[in-house]
Amino acid sequence: MAMSKLRRKLPLPTVLLMAGAVWCVAACSPAGQKPTDANPVVVTVEVVPAAAVPGESVTLVWRFALADGWHLYWSGRNDTGYPPRIDLALPEGWVAGGLQWPAPVRHVAAGDILDHIYEGELILIQKLGAPATAVADTEVPIQAEIQWLAYKDMCVPRRTTLACAIPVRDHATTREPNIASLAAVRVPGPLPAGTLETGWQGTTFHVGHPSARRLTFMPTADCGPLVDLLADGQGNRLALRFKPKADTVGPVRGLITIERDG
């Protein structure tokens, strides 16, 4: 098959890790628990603001605290493991948005196993919309079934249930610090146009940045098949080799983090 006949799918907007501090106050959760090797993940949730307003949204801030040496998995492509899952049971008319994930770190284990993981703490944020018909001065129950796979020296699958009663008020309430805003700082966003130097050469997608000490590419589940992500996915410049599939190369979809000296 002549390479000139291959169709290349262009990349979606690339994203950049933006680092920031995060605080989380536990609510609707077991109080005082700390993760241990016997119980390596403790999940809590915070509602920000503390009460919902009819027709508007609140933010659920999910915090997964991990014991030392344990990790959880990103929602993108991994060689092993699966990401945390949160299934909400909501009253009629209430709508939950998708989970927003912070950038993970690249983790290579023995045997050249490549995963993208979180250590120490994982914070996910999620919008929850109240219907316009929500009644003020009431409390609305929600329930979450949460499951995850944690790893240290072995894989440990777990699940738990958290239940909350969200107050409904006729005006917004505030809480300091604004946990949702602080958590959102860690959620990657689109890079400004022209930040990266990109281009195709045959079935290889090249990525560069003039001042990068290291670039790391972490593909999402819908990225096209790669030849060798372990070899190609990190460096001061990237040459991502793609496997043609059905006369198509790509698409390039995922997360790129940029590390600079100083």
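Since the model is a prediction, treat every value here as computed from it, not as a measurement.

The rules behind each value
- Residues numbered from 1 in each chain as written.
- Predicted model: local features only at pLDDT ≥ 70, side-chain atom pairs only at ≥ 80, totals over all residues.
- Heavy atoms only, no water.
- Helix = DSSP H or I, 4+ residues; strand = E, 2+ residues; numbered from the N terminus.
- Buried < 20%, exposed > 50% of the residue type's maximum accessible area, 1.4 Å probe, protein only.
- Polar contact = N/O pair within 3.5 Å; in protein donor to acceptor, adjacent residues only side chain to side chain.
- Salt bridge = Lys/Arg side-chain N within 4 Å of Asp/Glu carboxyl O.
- Pairing = 2+ DSSP bridges.
- Lys, Arg positive; Asp, Glu negative; His and termini not counted.
- Phe/Tyr/Trp six-rings, centres within 6.5 Å; stacked < 30°, edge-to-face > 60°.

Colleague: If you had to explain the environment of His 206 to someone new, which residues and values would you point to?
Modeller: Positionally, His 206 belongs in strand 15 (residues 204-208). Looking at His 206, the relative accessible area reads 28%, which means it is partly exposed. Between the C-alpha atoms of His 206 and Arg 237, which are 31 residues apart in sequence, the distance is 7.6 Å. A distance of 3.1 Å separates polar atoms of two side chains, one belonging to His 206 and the other to Gln 201.

Colleague: Can you lay out the pattern of salt bridges for me, pointing to particular residues and giving the numbers?
Modeller: As enumerated under the stated definition, the model contains 8 salt bridges in all. Linking Arg 213 and Glu 259 is a salt bridge whose minimum nitrogen-to-oxygen distance equals 3.1 Å. Residue Arg 213 is found in strand 16 (residues 212-219), and its partner Glu 259 is found in strand 20 (residues 254-260); the two are separated by 46 residues along the sequence. Take Glu 259: its relative accessible area is 24%, and that puts it in the partly exposed class. The shortest N-O distance in the salt bridge between Glu 259 and Arg 214 comes to 3.1 Å. A residue pair is termed long-range when its members are at least 10 positions apart, and Glu 259 in strand 20 and Arg 214 in strand 16 qualify at 45 residues. What makes Arg 214 partly exposed here is its relative accessible area of 30%. Because the salt bridges share partners, they merge into one network encompassing Arg 213, Arg 214 and Glu 259.

Colleague: Tell me about the pairing of strand 4 (residues 57-66), residues and numbers included.
Modeller: The buried count for strand 4 comes to 8 of 10 residues, which makes it a mostly enclosed element. One ladder, built from 8 bridges, connects strand 3 (residues 41-48) with strand 4; its direction is antiparallel. The residue of strand 4 that forms the bridge with Thr 44 is Arg 63. Summarising the sheet, strand 4 and strand 10 (residues 121-129) pair through 9 bridges and their orientation is antiparallel. Bridge pairing in strand 10 links Trp 62 to Leu 124.

Colleague: Please provide a residue-by-residue account of the side chain of Asp 115, values included.
Modeller: Note that Asp 115 resides in strand 9 (residues 113-119). Buried and without a salt bridge, Asp 115 has Arg 77 as its closest oppositely charged side chain, separated by 11 Å. At 3.0 Å, the side chain of Asp 115 forms a polar contact with the backbone nitrogen of Asp 79. Within the structure, Asp 115 has its side chain in polar contact with the side chain of Thr 80 (distance 2.6 Å).

Colleague: Run through the sheet that holds strand 16, naming residues and quoting values.
Modeller: Strand order in the open sheet made by the 3 strands is 17-16-20, with antiparallel pairing throughout. Each edge of the open sheet carries a strand with a single partner, namely strand 17 (234-235) and strand 20. Note: strand 16 against strand 17, 2 bridges, orientation antiparallel. Residue pairing across strands places Thr 216 opposite Gln 234, the latter belonging to strand 17.

Colleague: Before we move on, can you summarise unusual backbone geometry with the specific residues and values?
Modeller: In this model, Val 48 is joined to Pro 49 through a cis peptide bond whose omega is -5°. Summarising the element assignment, Pro 49 is placed in the loop between strand 3 and strand 4. For the bond running from Gly 250 to Pro 251, omega is 0°, close enough to zero to count as cis. For Pro 251, the position within the fold is in the loop between strand 19 (248-249) and strand 20.

Colleague: Kindly report on the packing of aromatic side chains, identifying the contributing residues and their values.
Modeller: One pass over the full model with this rule turns up 4 aromatic pairs. By the ring-pair criterion, three or more aromatic residues cluster together here, those being Trp 200, Phe 205 and Phe 242.

Interpretation in functional terms is not warranted from these geometric data alone.
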